[in-house]
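Structural overview
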Amino acid sequence: GYRKPLSGAGKWLARHYIGDQAYEVETLTTADDFSDADGVAILNFHQAQTLARSRMVLRAHAAVGKTKPLTVKDAVDSYIEFLETNRKSGREGRYAADAFILPELGNTEIDKLTTDQIRTWHADVSRSPARIRTKPGRRQRFKTETHPENGRRRKSTANRTLTVLKAAPNRAWRAGKVASEAAWRRVEPFESVEAARVRYLSLGEAKRLLEACSPAFYRLVRGALETGARYGELCALLVSDFNA
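1. Looking at a nonpolar patch on the surface
- A cluster of nonpolar side chains, Leu201, Leu209 and Leu225, forms an exposed patch at the surface whose accessible area comes to about 230 Å².
- Here Leu201 is to be found in the loop between α6 (182-185) and α7 (203-211).

Okay, here's the thing in structure tokens:
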């Protein structure tokens, strides 16, 4: 609601139902009657609605004894548990979360996440070097070589990680644990980074590749060149798959 005083800017109000046909009115903050909204001290109507919903969620949590604010880590852990139980992508989600999401955003309360904060994090992930598989407890290693495709690959990784970051709080929002999904919904992924650069070997290049292969590897490479099959598909071939 909105209340206009005798003088000065109006106030945004939230009216909470407390049972037995009774309500409690809470003054939220100043309305944008004379100054532009800044998202903190002065709010427009949409921002006031979002804040009122956030207050409602906090009251609902307090009513059932849950007073700890929901963090990004809480939402991500719940989402990964869901993936591990109902999907096959739990392992990939956990890797993305542990490597990129939780170190930077894990302790952030979801209701305090901002669009600019997520955009900055998304850009930082795209600029980070590719990681090398490292044993637990060891210092993380990174790739140092340069490649024309590195920029696209890192942006593609950032997009996949952004998908996990969005999905986790979205699930919490649908469950009524978060007031608004606007902060991460406004963040867009990088465009045109998912498709790898397609290039086919010439006959001369294919011949030189085969000549450089060891005898044991020669047949596998020739099978890939002749069929276009992937490594895993070639390794899984049986004699019965071959049609003379």
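2. A look at the packing of helix α2 (residues 72-86) against helix α5 (residues 150-174)
- For the pair α2 and α5, interaxial distance at closest approach is 8 Å and the crossing angle is 95°. When the axis of α2 is compared with that of α5, the two are roughly perpendicular. Where α2 approaches α5, its residues Val72, Ala75, Val76, Ser78, Tyr79 and Phe82 are matched on the opposing element by Val164, Leu165, Ala167, Ala168, Pro169 and Arg171.

3. Regarding the pairing of strand β2 (residues 11-19)
- Where strand β1 (residues 2-3) lies against β2, two bridges are found, and the strand directions are antiparallel. From the neighbouring strand, Tyr2 faces β2, where its bridge partner is Trp12.
- Note that β2 and strand β3 (residues 22-31) share eight bridges and pair antiparallel. From the neighbouring strand, Arg15 faces β3, where its bridge partner is Val25.
- Counted along the chain from β2 to the antiparallel partner β3, the turn is two residues long, and its residue Asp20 has a positive phi close to 55°.

4. Topic: unusual backbone geometry
- Positive phi outside glycine occurs at Gln21, with the angle close to 55°.
- Residue position: Gln21 is located in the loop between β2 and β3.
- In this structure Gln21 comes out as exposed when scored by relative accessible area, which is 73%.

5. As for the side chain of Thr29
- Mapped onto the secondary structure, Thr29 falls in strand β3.
- For Thr29, a relative accessible area of 14% translates into the label buried.
- Excluding residues that lie within four positions of it along the chain, Thr29 makes contacts with Gly10, Lys11, Trp12, Val40, Ala41, Ile42 and Leu43.

6. Some details on the nonpolar core
- Membership of the largest hydrophobic core comes to 30 residues, with the highest contact counts inside it found for Val72, Val76, Ile101, Ile118, Trp121 and Leu165.
- The residues touching Ile101, leaving out its near neighbours within four places in the chain, are Val72, Val76, Ala96, Gly106, Trp121, Thr161, Val164 and Leu165.
- Of all hydrophobic cores here, the second largest spans six residues; its members include Trp12, Leu28, Ala31 and Ala48.

7. Quick word on the pairing of β3
- Bridge count between β3 and strand β4 (residues 42-43): two bridges; the pairing is parallel. The partner of Ala31 across the bridge, within β4, is Leu43.

8. Looking at the pattern of salt bridges
- Counting across every chain of the model gives eight salt bridges.
- Linking Glu181 and Arg185 is a salt bridge whose minimum nitrogen-to-oxygen distance equals 3.2 Å.
- Residue classification places Arg185 among the exposed residues on the basis of a relative accessible area of 53%.
- Here Arg222 makes a salt bridge to Glu226, at a shortest N to O gap of 3.4 Å. Highlighted residues: Arg222 and Glu226, both in helix α8 (residues 215-227), separated by four residues, approximately one helical turn.
- Accessibility expressed as a relative area gives 56% for Glu226, which makes it exposed.
- Each of Lys73, Asp77, Arg94 and Asp98 takes part in a single network of salt bridges with overlapping partners.

9. Overview of the sheet that holds β1
- Judged by pairing direction, the sheet is mixed, and its four strands sit side by side in the order β1-β2-β3-β4 without closing on themselves. Every other strand in the sheet has two partners, leaving β1 and β4 as the edge strands with one partner each.

10. As for the state of the cysteines
- With the rule as written, the count across this model stands at zero disulfides.
- Considering cysteine sulfurs only, Cys235 is the nearest to Cys213, which forms no disulfide, with 14 Å between them.
- Given a relative accessible area of 15%, Cys213 falls into the buried group.

11. Observations regarding the packing of helix α3 (residues 90-105) against α5
- One can describe the packing of α3 onto α5 by two numbers: an axis separation of 10 Å at closest approach and a directional angle of 85°. Viewed along their axes, α3 and α5 adopt a mutual orientation that is roughly perpendicular. Of the residues in α5, those in contact with Gly93, Ala96, Phe100, Ile101 and Leu105 of α3 are Arg154, Thr157, Thr161, Val164 and Leu165.
- In the contact of α3 with α5, the residues fall into six nonpolar, three polar and one charged.

Quick notes on the rules
Residues numbered from 1 in each chain as written. Predicted model: local features only at pLDDT ≥ 70, side-chain atom pairs only at ≥ 80, totals over all residues. Heavy atoms only, no water. Patch = residues over 30% accessible without salt bridge, like charges linked within 9 Å, V, L, I, M, F, W, Y side chains within 5 Å. Areas by Shrake-Rupley, 256 points an atom, 1.4 Å probe, with all protein chains shown as cover. Salt bridge = Lys/Arg side-chain N within 4 Å of Asp/Glu carboxyl O. Helix = DSSP H or I, 4+ residues; strand = E, 2+ residues; numbered from the N terminus. Axes fitted to C-alpha atoms, helices over the stretch in contact; angles between N-to-C directions. Parallel < 35°, antiparallel > 145°, perpendicular 65-115°, else oblique. Contact = heavy atoms within 4.5 Å. Pairing = 2+ DSSP bridges. Buried < 20%, exposed > 50% of the residue type's maximum accessible area, 1.4 Å probe, protein only. Core = buried A, V, L, I, M, F, W, Y, C linked by side-chain atoms within 4.5 Å. Disulfide = S-S within 2.5 Å. Nonpolar A, V, L, I, M, F, W, Y, C, P; charged D, E, K, R; others polar.

Remember, this is a structural readout, not a statement about activity or role.
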